[in-house]
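Chain by chain, the residues run as shown.
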Amino acid sequence: MSLADENTNGRMAMLQTINLRKTFGDVVALEGLNISVKPGETLCLLGANGAGKTTTINLFLGFLEPTSGEALVNGRNVAMAQIETKRDIAYIPEQVALYPSLSGLENLKYFAALAGHDTYSDADLYAFVDRAGLTKDQADRSVAGYSKGMRQKIGVATALAKQAKAFLLDEPLSGLDPCAANEFALLAEELRASGAAILMATHDIFRATELASRIGIMKAGKLVEELDPKAVHSKEIEAIYLNHMRDDQTDPAKGEAA
Amino acid sequence: MIKAIIWKELLQYRRDGRILAVLFITLALGFAAAFNGWSMVESQQRERQAAVVSDRTTWDNQGKKNPHSAAHFSRYAFQPTSSLSVFDPGLTGFMGSAIWLEAHYRDPATLRSVEDAVEIQRFARLTPAWILQVFAPLLAILLVFAGIAAERERGTLRQVMSSGVPPQHLFVGKAIAALCIIALLAPSVVAAVALAANTHDEVGLPSVGLRLTCIVLAYMLYIGAFTFAAIGISARVAKSKTALVVLVGFWATSVIFVPRFATDVGSALSPAPAAADFEASLSAESSTPFWGGSEEAQQRRANVEAEVLERYGVDKIEDLPINYDGYLLQASEEFANGVFDRLYNELWGAYETQSDIVRLFSVVSPTLALGNISSALAGSDLYAHRHFADSAELFRRDFVKLLNEEMIQNGGQDGYGYMSDNDFWQQNPDFSYTPPSIGAVLSNIWVDILVLLGWAITAFLIASRGVRFSFKQEAMA
């Protein structure tokens, strides 16, 4: 039994939503969403643009306030404890934004300090960079010349430095070349295996079946299907997903969502 | 967290060649201005000292002369140049620095150094105060115009927000970092103060230390106001380029154009008489109505004669125990003093109305409020000049009276033939001047202080709310 399995069994959810609802005016972005991600689990949310994946992540980050329901991080309601819950979360967006006049290491040092970890030595920071897959020389270079993959690695190093318990990954593989995407997938798996709870929003069904402990299919703000990739063959998952997407395209009453 | 934000901002500034260039140029200008100010003040103080000695020596050694002739030979009151004029010369050079103290006439101040200056020097004098009033806000804008807008443009604001940074911390961190950079201009101010301490200010402004402290606080409020406003605008607009255009436009308007415009409006709405006209009025209204040949003038002199004959109980001037010519001269002085009071009050009133009109514009230009505070505390504003001119006038009246009394009491029937000698001249007092206290100065500029404080508080609120707004906008994006 792996550490992740030990963590998962009988542990409370690190990320959880309870009847979460979010509307923007008349537009329903999320409707009664109930998901949970325990330590050592990766939940991949699949869905078309506007299905509510990013809205879910924004609610966990406290960027948005729920219309009703709750988003919980480590048992704490995000809306009630925005600063505290952010300490447990690492967020890696599709485009990891960095300061171009700073080196990778300086960016890492800055974001780690913002998260309250301002006592790391350079050696500690280089260790995080190394774990994320960047060399010391690369870390010392200005990020102005970084590729998207290298930026993602600084994002991962920042998450590691933050010692986060939960990771929110918003389309992290989008736009990465296959090699960089593979490296990132390995890192994500390593994080999960070390006990992190990962919620990943993605369009990439192939990576989802590869990385996920569970796959949630979202449509028009609702979780319409939850699948176990170990129990369901990847071809079948793909078929189910595409079937939902086809329904979505033919549904004249589908809502627009964030 | 705030420490980390400051560290990162300073690191970015250090690597931005544009910021370093602007900082270096401003600092160099500041040093040049400090030296220029010191050179001007030092020269004026030395000239004043030499002039004071020369004036005294000439007076003491004028030899046998009728006291009234001596009153026309006269003396000068030289306005001391305050040591803090090294930092802010204010109206020094514009209002005149010497007043001729003669009988029958209240002369306006003369020796205006700007009359010898080219037009551009009148517009922009290279002084430490001017550098700080004009360039420090520009530096603040260059430092923070992209503060929030660029974070949003490049996506780092979202990363920062996800780290749990409250908006207020980001605002405070960025403001402190920018103010730290602007504080690097302090050596030029320190140089100005050190040079000011090295001038020959014989008179000495009262409470120089306290004045300096107030000046520093006022400039901190001013620079803080621009820094906060720039952060606020940066947080409200979508793009950093837009923020730059808006802020540079605001800078040009409030720092450059409004002060000039306000001065022109003030002069147009409350015109002061032309110098030649004013001097002609002084002469015509103070002298002719008493000494002229009109019936009214003759009646005035007759009244004086009647009054003095009655006082001494005699029927003829020849029987008076005093010198009647001296008595009549003193009576004419007292008549003229009323005229001077009226005309000068009108003149000062026009200037003060101009100042009040200009002050109204400080609502849209903090530079005007700061300029008033700075020059007032440096002892170089209109109030300081008026205080000196009024003191000089009081001395003139006493001095002329002293000379007339000498003629009245000791001249007997000699009339204008009575002569005094060097022994008498050498006993005559010098003009001694004490500049106004800081309390008096502050009571004149409390409106400006409130306006500047209002600017700083408003800008702080704009920035504080702006950053919160930008966080909300980003969260919704």
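Nothing here was measured: the structure is a model prediction, and the numbers come from that model.

Caption draft 1: Representation of the overall build of chain B in the model. Looking only at helices and strands, chain B features 19 helices and three strands. Compactness check: chain B gives a C-alpha radius of gyration of 29 Å against a globular reference of 23 Å for 477 residues, more than 25% above the reference. For chain B, the C-alpha atoms occupy an extent of roughly 105 × 40 × 35 Å along the three principal directions. When each of the 477 residues of chain B is scored for burial, the buried share is 43%. Look at the contacts in chain B between residues 6 or more apart in sequence, and 85% of them connect residues 24 or more apart.

Caption draft 2: Fine view of the sheet that holds strand β11 (residues 222-227) of chain A. Residue and element names in this part refer to chain A. In spatial order, the strands read β7-β8-β9-β4-β10-β11; together these six strands make up an open sheet with mixed pairing. Two strands in the sheet have a free side with no partner beyond their single neighbour: β7 (89-92) and β11. Neighbour-to-neighbour, the strand axes of this sheet turn through a mean angle of 20°, independent of strand direction. Here four bridges tie β7 to strand β8 (residues 166-170), and the two strands are oriented parallel to one another. When the bridges of β8 are listed, Ile89 appears paired with Ala166. Running over the sheet, helix α2 (residues 53-61) touches β4 (42-46), β7, β8, β9 (197-202) and β10 (214-219) and is turned about 145° from β8. Of the strands in this sheet, β7 and β8 touch helix α7 (residues 148-162), which is tilted by about 175° from β7.

Caption draft 3: Representation of the packing of helix α15 (residues 324-360) of chain B against helix α17 (residues 382-410) of chain B. All names here are of chain B. Contact geometry of α15 with α17 gives a least axis separation of 10 Å together with a crossing angle of 175°. Compared by their axis directions, α15 and α17 come out roughly antiparallel. Taking contact as the criterion, the partners of Asp325, Gly326, Tyr327, Leu329, Gln330, Glu333, Asn337, Trp348, Tyr351 and Ser355 in α15 are, on α17, Leu382, Arg386, Arg397, Val400, Lys401, Asn404, Met407 and Ile408. When its residues are assigned to classes, the contact of α15 with α17 shows eight nonpolar, five polar and five charged.

Caption draft 4: Representation of the interface of chain B and chain A. Facing 19 residues of chain B, the contacting portion of chain A comprises 22 residues. At six residues, helix α7 (residues 156-162) of chain B tops the list of elements feeding residues into the side of chain B that touches chain A. Looking at the side of chain B that touches chain A residue by residue, the class counts come to eight nonpolar, seven polar and four charged.

Caption draft 5: Inspection of the nonpolar core at higher detail. If you look at the biggest cluster of nonpolar residues, it comprises 195 residues, and the most contacted ones within it are A:Phe167 and B:Ala140. With 16 residues, the single largest contributor to this core is helix α10 (residues 208-236) of chain B. Not counting residues within four places of it along the chain, the set of residues in contact with B:Ala140 comprises B:Ala178, B:Ile182, B:Ile223, B:Phe226, B:Thr227 and B:Ala230.

Caption draft 6: Representation of the environment of A:Leu223. All names here are of chain A. Examined against the element boundaries, Leu223 turns out to sit in strand β11. Given 22 C-beta atoms within a 10 Å radius, Leu223 is considered buried. Linking Leu223 and Met150, residues 73 residues apart in sequence, is a C-alpha distance of 33 Å. What Leu223 contacts, discounting residues up to four positions off in sequence, is Leu33, Ile35, Gly216 and Met218.

Caption draft 7: Fine view of the sheet that holds strand β3 (residues 105-106) of chain B. All names here are of chain B. With antiparallel pairing, three strands are arranged side by side in an open sheet as β1-β2-β3. For this open sheet the edge positions go to β1 (75-78) and β3, each flanked by a neighbour on one side alone. Two elements, strand β2 (residues 98-102) and β3, share two bridges in a ladder whose sense is antiparallel. Its bridge partner lying in β3, Leu101 is registered against Arg106.

Caption draft 8: Local environment of the environment of B:His385. All names here are of chain B. Its place among the elements puts His385 in helix α17. Considered as a pair, His385 and Gly96 are 289 residues apart in the sequence and their alpha carbons are 8.7 Å apart. Setting aside its immediate chain neighbours within four residues, His385 contacts Leu91 and Met95.

Caption draft 9: A look at the pairing of β4(A). All names here are of chain A. Extensive coverage of β4 is indicated by the burial of five of its five residues. Every second residue of β4 is oriented toward a common face, with Thr42, Cys44 and Leu46 on one face and Leu43 and Leu45 on the other, all of them buried. When β4 meets β9, the two strands line up parallel, connected through five bridges. Across the sheet, Leu46 pairs through a bridge with Thr202, a residue of β9. Sheet topology places β4 next to β10; four bridges connect them, and they run parallel. Paired with Cys44 across the bridge in β10 is Ile215.

Caption draft 10: Molecular detail of unusual backbone geometry. One non-glycine residue, A:Asn74, lies in the positive phi region at around 50°. Note on placement: A:Asn74 falls in the loop between β5 (68-73) and β6 (76-77). On the neighbour-count criterion, A:Asn74 (19 C-beta atoms within 10 Å) is partly exposed. Phi is positive for B:His104, which is not a glycine, with a value near 70°.

Caption draft 11: Representation of the packing of helix α4 (residues 104-114) of chain A against helix α5 (residues 122-132) of chain A in the model. Residue and element names in this part refer to chain A. Look at α4 against α5: their axes get within 10 Å of each other, and the N-to-C directions meet at 105°. Our classification of the angle between α4 and α5 gives roughly perpendicular. Of the residues in α5, those touching α4 at Gly104, Leu105, Leu108 and Lys109 are Leu125, Phe128 and Val129. Split into classes, the residues belonging to the contact of α4 with α5 amount to five nonpolar, one polar and one charged.

Caption draft 12: Structural view of helix α8 (residues 167-182) of chain B. A rise of 1.5 Å per residue sets the reference length of α8(B), with its 16 residues, at 22 Å; its end C-alpha atoms lie 23 Å apart and thus fit the reference within 8%. For α8(B), every residue scored as buried is listed here: B:Pro167, B:Leu170, B:Phe171, B:Gly173, B:Lys174, B:Ala175, B:Ala177, B:Ala178, B:Ile181 and B:Ile182.

Thresholds applied
- Residues numbered from 1 in each chain as written.
- Chains lettered and ligands numbered in written order.
- Predicted model: local features only at pLDDT ≥ 70, side-chain atom pairs only at ≥ 80, totals over all residues.
- Helix = DSSP H or I, 4+ residues; strand = E, 2+ residues; numbered from the N terminus.
- Rg over C-alpha atoms; globule rule 2.2 N^0.38 Å.
- Buried ≥ 20, exposed ≤ 12 C-beta atoms within 10 Å, placed from the backbone.
- Contact = placed C-beta atoms within 7 Å.
- Pairing = 2+ DSSP bridges.
- Axes fitted to C-alpha atoms, helices over the stretch in contact; angles between N-to-C directions.
- Parallel < 35°, antiparallel > 145°, perpendicular 65-115°, else oblique.
- Nonpolar A, V, L, I, M, F, W, Y, C, P; charged D, E, K, R; others polar.
- Core = buried A, V, L, I, M, F, W, Y, C linked by C-beta atoms within 7 Å.
- Expected span 1.5 Å × (residues − 1).

The values reported here are purely geometric and, on their own, carry no functional implication.
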